[in-house]
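Close look at the chain arrangement
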Amino acid sequence: MPDTVQKITPFLWFDTQAQEAAKFYTSLFKNSRIVGTTYYAAEAAKASGRPEGSVMTVEFELSGQRFTALNGGPIFKFTEALSLVVHCDTQEEVDDLWQKLIAGGGAPSRCGWLKDKFGLSWQVVPRVLLELIQDKDPARSNRVMAELMKMKKIDIEPLRRAAAG
């Protein structure tokens, strides 16, 4: 069956690191792959100021979700206004992914947020957090949120203790 274009594809603008980023991201998630790469042809290279034959875009999948990375130059930078949320099943998965994403120059933030070495923001979130903060008992939910606000990387056990009161 041929590849099809998904309806909505996040398009990530890098200076020159699109291919490096795609390889890094696909190494972190199961069922991930590089789908294809395009290169700057003469006219596009001339118009963009990029070297002819250099990587223009890399299409890749992370756990089945398609993305496109562009080497568009230093004009635009990532901000926290957009982040990628990864829902994790266990504390071990949270810990492992967190360490891999901040490796090589990334930076932790608050409440499960971090920036990777390319400046892209991620939220590494255990699935149980959603259950706990959506609890029908507002007191439980508020205790969980208060505990979450103290964290950088999310730790499940303190959240469960806060929910229990």
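Residues numbered from 1 in each chain as written. Predicted model: local features only at pLDDT ≥ 70, side-chain atom pairs only at ≥ 80, totals over all residues. Heavy atoms only, no water.

As a further point, take the packing of helix α5 (residues 138-148) against helix α6 (residues 156-164). Following both chains from N to C, one finds α5 and α6 inclined at 150°, their axes separated by 7 Å at the closest point. For the crossing formed where α5 meets α6, the hand is right-handed. Each of R140, R143, V144, E147 and L148 in α5 lies in contact with α6, whose residues at this interface are P158, L159, A162, A163 and A164. Looking at side-chain class alone, the contact of α5 with α6 contains seven nonpolar, no polar and three charged residues. (Axes fitted to C-alpha atoms, helices over the stretch in contact; angles between N-to-C directions. Helix = DSSP H or I, 4+ residues; strand = E, 2+ residues; numbered from the N terminus. Left-handed = near helix turned anticlockwise from the far one by under 90°. Contact = heavy atoms within 4.5 Å. Nonpolar A, V, L, I, M, F, W, Y, C, P; charged D, E, K, R; others polar.)

All right, on to α6 then. Three or more residues of α6 are buried, namely I156, P158, L159, A162 and A163. Down the axis of α6, the buried side of the element spans an arc of 165°, and every buried residue falls inside it. Facing away from the buried side of α6, by more than 90 degrees, are the exposed residues R161 and A164. Looking at the buried side of α6, the elements it contacts are α3 (91-102), β8 (121-126), α4 (127-133) and α5. Once α6 finishes, G165 follows within two positions and takes phi at roughly 90°, a positive value. (Buried < 20%, exposed > 50% of the residue type's maximum accessible area, 1.4 Å probe, protein only. Arc of directions from axis to C-beta.)

Taken in spatial order, the four strands of this open sheet run β5-β8-β7-β6, and their pairing is mixed. The open sheet is flanked by β5 (83-88) and β6 (107-108), the only strands paired with a single partner. In terms of strand pairing, β6 meets strand β7 (residues 113-115) through two bridges, oriented antiparallel. Bridging across to β7, A107 finds its partner in K115. (Pairing = 2+ DSSP bridges.)

The next point concerns the pairing of strand β4 (residues 65-71). For β4, the tally of buried residues reaches six of seven residues, placing the bulk of the element in the interior. With four bridges joining them, strand β1 (residues 11-14) and β4 adopt parallel strand pairing. Each residue of the ladder has a partner; that of L12, found in β4, is A69. Alignment of strand β3 (residues 55-62) against β4, held across six bridges, turns out to be antiparallel. From the neighbouring strand, T57 faces β4, where its bridge partner is L70. Connecting β3 to the antiparallel partner β4 that follows it, the hairpin turn spans two residues, and S63 within it adopts a positive phi of roughly 50°.

Keep in mind these values describe shape, not function.
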